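This is what each chain is made of:
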Amino acid sequence: MALYHKHRPQTFGSMIGQEHIVETLKNQLILGKTAHAYIFTGPRGVGKTTTARLVAKALNCRARQSDSAEPCDTCDSCQEI
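What you are looking at is a predicted structure, and each value in this text was computed from that prediction instead of being measured.

Overview of the overall build of the protein
Then, number 1: For the protein, the count of helices and strands is four helices and zero strands.
Then, number 2: Going from the N terminus to the C terminus, the protein shows its helices and strands as α-α-α-α.
Then, number 3: Radius of gyration (C-alpha) of the protein: 12 Å, near the 12 Å computed for a compact globule of 81 residues.
Then, number 4: Judged by the C-alpha coordinates and their principal axes, the protein covers about 30 × 25 × 20 Å.
Then, number 5: Looking at the protein as a whole, 22% of its 81 residues are labelled buried.
Then, number 6: Taking the contacts inside the protein whose residues are at least 6 apart along the sequence as the reference set, 52% of them involve residues at least 24 apart.

Rendered as structure tokens:
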């Protein structure tokens, strides 16, 4: 298994870099005003896949707090993602 699969951040708080993108996505999740689609672009290694996985995890999380964007990491959806 590749190193980046083992050490991929599992929460928005553990993401390094792209703070402005993370903050924008967290605010949208908290307010419940997410767009119907997102396009993650950029050069290799900037966190496109990690960010997309975190957004998917937060949107599908059944136990996420309404005042937080962080997924619970314990429900079935979070474990599978």
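Thoughts on helix α3 (residues 48–60)
Then, number 1: Taking 1.5 Å of rise per residue, the 13 residues of α3 would be expected to cover 18 Å, and the 18 Å separating its terminal C-alpha atoms lies within 8% of that figure.
Then, number 2: Residues T50, T51, L54, V55, K57 and A58 constitute the buried set of α3. In a view along the axis of α3, the buried residues occupy a sector of 165 degrees, so they form one face of it.
Then, number 3: Each element contacted by the buried residues of α3 is listed here: α2 (19–31) and α4 (76–80).

With respect to α2
In an α-helix, one turn spans 3.6 residues, which is why side chains three or four residues apart end up on the same side.
Then, number 1: With 13 residues, α2 should reach 18 Å at 1.5 Å per residue; the first-to-last C-alpha distance of 18 Å fits that figure.
Then, number 2: Residues of α2 that are buried include every one of V22, L25 and L29, and no others. Along α2, the residues classed as buried sweep out an arc of 70 degrees about the axis, all on the same side. Every exposed residue of α2 that faces more than 90 degrees away from the buried side is listed here: E19, H20 and L31.
Then, number 3: Looking at the buried residues of α2, the elements they touch are α3.
Then, number 4: Where α2 terminates, the next one or two residues include G32, which has phi positive at roughly 75 degrees.

Comments concerning unusual backbone geometry
Then, number 1: If you check the backbone angles, Q18 has positive phi at about 55 degrees while not being a glycine.
Then, number 2: Within the fold, Q18 resides in the loop between α1 (3–6) and α2.
Then, number 3: Residue classification places Q18 among the partly exposed residues on the basis of a relative accessible area of 31%.

Conventions and cut-offs
Residues numbered from 1 in each chain as written. Predicted model: local features only at pLDDT ≥ 70, side-chain atom pairs only at ≥ 80, totals over all residues. Heavy atoms only, no water. Helix = DSSP H or I, 4+ residues; strand = E, 2+ residues; numbered from the N terminus. Rg over C-alpha atoms; globule rule 2.2 N^0.38 Å. Buried < 20%, exposed > 50% of the residue type's maximum accessible area, 1.4 Å probe, protein only. Contact = heavy atoms within 4.5 Å. Expected span 1.5 Å × (residues − 1). Arc of directions from axis to C-beta.

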